[in-house]
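# Chain and residue survey
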Amino acid sequence: MTRVKLPPWLVLLLPAFIIIAAVVLVPLLLSLYSSFTPYHLTRPDTLWKVNFPFNYQKALTDANFWAAFGRTVLLLTVALNLEMLLGLGLALMVSKVTQGQRLLRTAMMFPMMFSPILVGFQFKFIFNDNVGLVNNALQSLGLADRAIPWLVDGNLALFAIICAEVWTSTSVFAILILAGLYAIPQDPLEAAKVDGCSPWQSFRFVTLPFLMPFIYIAMAIRSLDVARAYDIVQVMTNGGPARRTELLWTLIGRTGYVDARMGYANAMGYVAILLSIAFTVYFFLKLQRARRDLGMGD
Amino acid sequence: MAQVHLRNVVKRYGALDVVHSISLDIADGEFVVLVGPSGCGKSTTLRMVAGLEEISDGQVVIGDRVVNDLPPRDRNISMVFQNYALYPHMTVRENLGFSLKIARRPQAQIDAAVDEAAAILALTPLLDRKPGALSGGQRQRVAMGRAIVRHPDVFLFDEPLSNLDAKLRTQMRVEIKKLHQKVGSTVIYVTHDQVEAMTLADRIVIMRDGHIVQVGTPLEVFEDPANSFVATFIGSPPMNLLPGTVQGGRVVLADGTAVPVPPGLHVADGRRVHLGIRADNIMPEGHSLPPTAHMAHVDMPVTLTEPLGTETLLFATLAGAEVQAKMLNPRPVTPGERLRFGIALDKCHLFDADSGVSLRM
Ligand SMILES: Nc1ncnc2c1ncn2[C@@H]1O[C@H](COP(=O)(O)OP(=O)(O)O)[C@@H](O)[C@H]1O
Ligand SMILES: [Mg+2]
């Protein structure tokens with residue numbers, strides 16, 4: 001009997017290969033495979049019935065799926081832009097503070113320290129139509145004469161969810177943009193002053209181009225985050241009322257674990273991942289371009 | 001076109017004064033160079049004129065306006081920075097035209113001004129590049145171009161050549177001088193390099209520790225330094241300073257060597273002084289300029305020679321101090337050789353040993 005002698009590099013890398021295969025590759029292939037089957041959690045034998053494009057066809061013709069898809073894109077667009085603007089404003093203000101800036105920077109990170117589930121509960125309470133802070137405040141100030149059904153009306157509920165998202169994650173933008181502000185060289189800003197720029201023009205033509213790479217990094221990070229949004233929505237509205245705040249991943253979670261239709265859920269999951277990848281690639285290309293514009297290599 | 005006046009201008013950082021009440025009048029079209037060692041407050045002074053630094057006290061006047069409270073954009077100045085300070089995300093063309101775009105000039109006018117500046121500075125083939133793709137000298141020219149497109153009243157330069165290699169520096173120096181002759185604007189130019197100061201300036205302002213030490217044409221400050229600091233700062237090699245005491249119309253050095261007090265100077269006996277002799281005015285016999293009426297002679301051992309071609313720089317020792325002398329029509333000199341040197345006394349200076357003030361005034 002001759003023993004197969006493996007080359008040493010392979011032996012050394014093997015543990016890593018095995019671990020990666022076990023925790024990443026196998027689940028990935030399994031879920032990909034199951035997305036081609038009518039796999040139902042309560043009927044394991046369904047895992048062996050391959051029906052190639054069926055789940056994908058079903059998803060792509062399902063109005064609920066497209067509604068959730070569109071709503072996810074909408075949430076992503078609105079939340080990211082709002083967070084960017086607020087984060088930019090916050091960073092600019094904090095960068096002007098001369099005393100206690102450290103303290104402010106630390107305080108700015110507080111929202112990131114809470115679990116999204118807790119944030120969801122807190123905002124569910126804030127927007128509660130009977131005992132919530134918002135309605136009480138509006139009514140005490142005489143701005144509303146009756147309770148506004150924040151979490152019941154579909155549009156208002158989405159608005160409430162956006163508020164919660166923005167509250168937790170504006171600091172991601174603020175912190176990255178602040179880092180960008182610290183990194184800006186002073187010379188071009190002084191040159192801009194001498195060249196006749198007003199403070200706004202200096203910001204628009206010099207500061208902002210320098211910040212764009214940082215903004216795109218934040219966008220890339222947050223787009224992944226929002227595209228997989230689940231917890232806050234699950235807690236605040238559970239995708240309701242009547243699916244009007246349903247996002248991709250709440251839909252997928254419901255399909256997979258409540259309806260037990262795991263094959264179909266996996267198929268939708270793969271489409272959702274494509275969406276995430278698309279956004280990441282988009283922002284990454286933007287980042288590369290912004291860096292190239294600044295002459296920061298390719 | 002404008003004059004610039006500094007009236008008792010002070011710059012204070014907290015309790016620290018870095019510019020002490022300086023006053024200076026600069027004529028329209030004049031090329032003034034602020035020169036002095038690093039940290040003496042040249043940049044700070046220039047930046048107060050530019051409006052990039054607040055003026056703690058006193059007045060800065062450009063043209064006939066007090067500009068203390070005007071932002072840079074209302075002062076009609078342009079500035080060339082030491083690190084060029086180009087906009088990295090704009091092409092050379094956009095960099096050059098930026099100030100005109102901000103001033104909302106019509107595009108045709110911007111294009112014309114940019115093309116003109118590019119032609120003057122030989123930047124035309126580079127117009128569509130970004131600063132990242134330019135060499136140091138090219139960036140420097142873009143920075144200058146950006147300054148000239150606006151036809152400002154005053155040009156401010158802050159050590160614009162200090163990041164270039166020696167050859168390029170000499171070349172750009174000539175370019176700057178030509179540019180000034182062509183444009184004729186008032187220029188305030190900051191440098192720590194006395195050669196740049198001497199070659200460029202209509203008038204040199206020598207600064208030290210936040211004070212103006214002397215103002216004058218390059219020849220004036222070279223020939224009549226107000227004190228020993230200026231004497232050693234301006235001119236290369238620096239003026240030799242030999243400590244001594246005046247006795248009976250002679251300066252007696254530490255080892256007893258006596259040299260007559262330079263003609264025209266009357267100094268009381270016992271005063272401690274520094275005798276200042278430039279290398280050009282102390283030469284070995286037979287290798288010197290024709291002797292003048294007032295010559296003195298000393299014997300010195302040579303310790304080191306630096307041949308420069310048409311002349312050799314000799315390092316010798318006199319009364320324990322190092323003296324640099326020039327040797328014309330040089331011949332080889334071996335270290336340790338004693339030579340007899342002639343000193344042109346009428347070109348020598350005496351400075352008070354304590355205050356450093358020239359006794360010629
Ligand atoms: N922001 C500042 N705070 C405190 N001191 C400063 C500041 N900027 C410059 N200085 C001091 O002012 C002095 C003059 O600086 P500067 O004008 O840059 O000198 P230079 O003649 O080399 O251009 C230096 O001693 C420097 O340390
Ligand atoms: Mg300086």
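Residues numbered from 1 in each chain as written. Chains lettered and ligands numbered in written order. Predicted model: local features only at pLDDT ≥ 70, side-chain atom pairs only at ≥ 80, totals over all residues. Heavy atoms only, no water.

Before going further, it helps to spend a moment on the packing of helix H11 (residues 248-258) of chain A against helix H12 (residues 262-293) of chain A. All names here are of chain A. Between H11 and H12, the least distance of the axes is 8 Å, while the angle of their chain directions is 160°. Considered as vectors, H11 and H12 are oriented roughly antiparallel to each other. Here H11 runs over H12; the crossing is left-handed. Of H12, the residues touching H11 (which contributes Leu-248, Trp-249, Leu-251, Ile-252, Thr-255, Gly-256 and Tyr-257) are Met-262, Tyr-264, Ala-265, Met-268, Gly-269, Ala-272, Ile-273 and Leu-275. Classifying every residue of the contact of H11 with H12 by side-chain character gives twelve nonpolar, three polar and no charged. (Axes fitted to C-alpha atoms, helices over the stretch in contact; angles between N-to-C directions. Helix = DSSP H or I, 4+ residues; strand = E, 2+ residues; numbered from the N terminus. Parallel < 35°, antiparallel > 145°, perpendicular 65-115°, else oblique. Left-handed = near helix turned anticlockwise from the far one by under 90°. Contact = heavy atoms within 4.5 Å. Nonpolar A, V, L, I, M, F, W, Y, C, P; charged D, E, K, R; others polar.)

Turning to the layout of surface pockets, a few remarks are in order. Residue and element names in this part refer to chain A. In this structure, the largest pocket spans a volume of roughly 650 Å³. Along its surface, the largest pocket is lined by 21 residues, and Lys-96, Leu-189, Lys-193, Ser-202 and Thr-207 are the ones closest to its centre. Elements with a contribution of two residues or more to the lining of the largest pocket: helix H3 (63-96), helix H7 (154-183), helix H8 (186-194) and helix H9 (199-227). The greatest single-element share of the lining of the largest pocket, amounting to five residues, is contributed by H9. For the lining of the largest pocket, the class distribution of residues is eleven nonpolar, six polar and four charged. (1 Å grid on protein atoms, 1.4 Å probe; cavity = no way out; pocket = protein on both sides within 12 Å on 5 of 7 lines; lining within 4 Å. Points joined across faces, edges and corners; volume = space filled by probe spheres on them.)

Glancing now at the sheet that holds strand E12 (residues 250-253) of chain B. What holds strands together in a sheet is hydrogen bonding between their backbones, with the strands either parallel or antiparallel. Residues and elements named next belong to chain B. Here five strands make up an open sheet; going across it, the order is E13-E12-E11-E14-E20 and the pairing antiparallel. What marks the edges here is a single partner per strand, and that holds for strand E13 (258-260) and strand E20 (349-352). Averaged over all adjacent pairs, the angle separating strand axes in this sheet is 40°, with direction ignored. The pairing of E12 with E13 spans three bridges and is antiparallel. Residue pairing across strands places Arg-250 opposite Pro-260, the latter belonging to E13. (Pairing = 2+ DSSP bridges.)

A separate point is the interface of chain B and chain A. On the side of chain A, 21 residues touch chain B, which itself brings 22 residues to the contact. For the chain B and chain A pair, buried surface summed over both sides reaches about 1,900 Å², with 61% attributable to carbon and sulfur atoms. For the chain B face of the interface with chain A, the top three residues by lost area are Arg-73, His-89 and Ile-102 of chain B, together amounting to 30%. Across the pair Lys-130 of chain B and Asp-293 of chain A runs a salt bridge whose closest N-O atoms are separated by 3.6 Å. Linking chain B to chain A there are seven residue pairs in polar contact (both at pLDDT 80 or more). A total of four residues in the side of chain B that touches chain A trace back to one element, the largest contributor, which is helix H2 (residues 92-102) of chain B. Looking at the side of chain B that touches chain A, its residues break down into twelve nonpolar, four polar and six charged. (Buried area = accessible area lost by both parts, 1.4 Å probe. Salt bridge = Lys/Arg side-chain N within 4 Å of Asp/Glu carboxyl O. Polar contact = N/O pair within 3.5 Å; in protein donor to acceptor, adjacent residues only side chain to side chain.)

Residues and elements named next belong to chain B. Every residue lining ligand 1 is accounted for by Tyr-13, Val-18, Ser-38, Gly-39, Cys-40, Gly-41, Lys-42, Ser-43 and Thr-44. Between ligand 1 and Gly-39, the relevant distance is 2.6 Å, taken from an oxygen atom to a main-chain nitrogen or oxygen of the residue. A distance of 3.0 Å is found between an oxygen atom of ligand 1 and a backbone nitrogen or oxygen belonging to Gly-41. Relative to its unbound accessible surface of 570 Å², ligand 1 loses 58% to contact with the protein. Of all the elements, helix H1 (residues 42-50) adds the most residues to the shell around ligand 1, at three residues. Within the shell around ligand 1, the residues separate by chemical class into three nonpolar, five polar and one charged. (Near = heavy atom within 4 Å. Areas by Shrake-Rupley, 256 points an atom, 1.4 Å probe, with all protein chains shown as cover.)

A separate point is H8 of chain A. Within H8 of chain A, the full set of buried residues consists of Pro-188, Leu-189, Glu-190, Ala-191, Ala-192 and Val-194 of chain A. Once H8 of chain A finishes, Gly-196 of chain A follows within two positions and takes phi at roughly 105°, a positive value. (Buried < 20%, exposed > 50% of the residue type's maximum accessible area, 1.4 Å probe, protein only.)

The next thing to look at is the packing of helix H4 (residues 136-148) of chain B against helix H5 (residues 166-183) of chain B. Residue and element names in this part refer to chain B. Contact geometry of H4 with H5 gives a least axis separation of 11 Å together with a crossing angle of 15°. For the element pair H4 / H5, the angle class is roughly parallel. In this structure, the crossing between H4 and H5 has a hand that is right-handed. Contact with H4, carried on its side by Gly-137, Gln-140, Arg-141, Met-144 and Ile-148, involves Leu-168, Met-172, Ile-176 and Leu-179 of H5 and no other residues of that element. In terms of residue class, the contact of H4 with H5 is made up of six nonpolar, two polar and one charged.

We now examine the sheet that holds strand E19 (residues 338-344) of chain B. Residue and element names in this part refer to chain B. Here five strands make up an open sheet; going across it, the order is E15-E19-E16-E17-E18 and the pairing antiparallel. Edge positions in the sheet fall to strand E15 (282-284) and strand E18 (321-328), since each has one partner strand and no second. In this sheet, adjacent strand axes meet at a mean angle of 50° when their direction is disregarded.

Right, let's talk about the domain arrangement of chain B for a bit. Residue and element names in this part refer to chain B. Taken as a whole, chain B is organised into domain 1 (4-232) and domain 2 (239-352). Summarising the inter-unit geometry, the C-alpha centres of domain 1 and domain 2 are found 39 Å apart. With eight residues of domain 1 in contact, the opposing surface of domain 2 contributes five residues. Three residues stand out in domain 1 for area buried against domain 2, namely Phe-222, Ser-228 and Ala-231, and they jointly supply 60% of the buried area on that side. Seen at the junction of domain 1 and domain 2, the total is zero salt bridges. There are one residue pair in polar contact (both at pLDDT 80 or more) connecting domain 1 and domain 2. Broken down by secondary-structure element, the contributors of at least two residues to the side of domain 1 that touches domain 2 are helix H7 (218-223) and helix H8 (228-233). Looking at which element gives the most residues to the side of domain 1 that touches domain 2, the answer is H8, with three residues. Counted by class, the side of domain 1 that touches domain 2 contains three nonpolar, three polar and two charged residues. (Domains from an automatic or database assignment.)

If you look at the biggest cluster of nonpolar residues, it comprises 107 residues, and the most contacted ones within it are Phe-127 and Met-236 of chain A together with Leu-156 and Ile-188 of chain B. When near neighbours in sequence (up to four residues on either side) are disregarded, Met-236 of chain A contacts Gly-120, Phe-123, Lys-124, Phe-127, Leu-151, Ala-160, Ile-161 and Ala-164 of chain A. Ranked by size, the runner-up nonpolar core spans 44 residues in total, among them Leu-127, Phe-155, Met-172 and Leu-200 of chain B. (Core = buried A, V, L, I, M, F, W, Y, C linked by side-chain atoms within 4.5 Å.)

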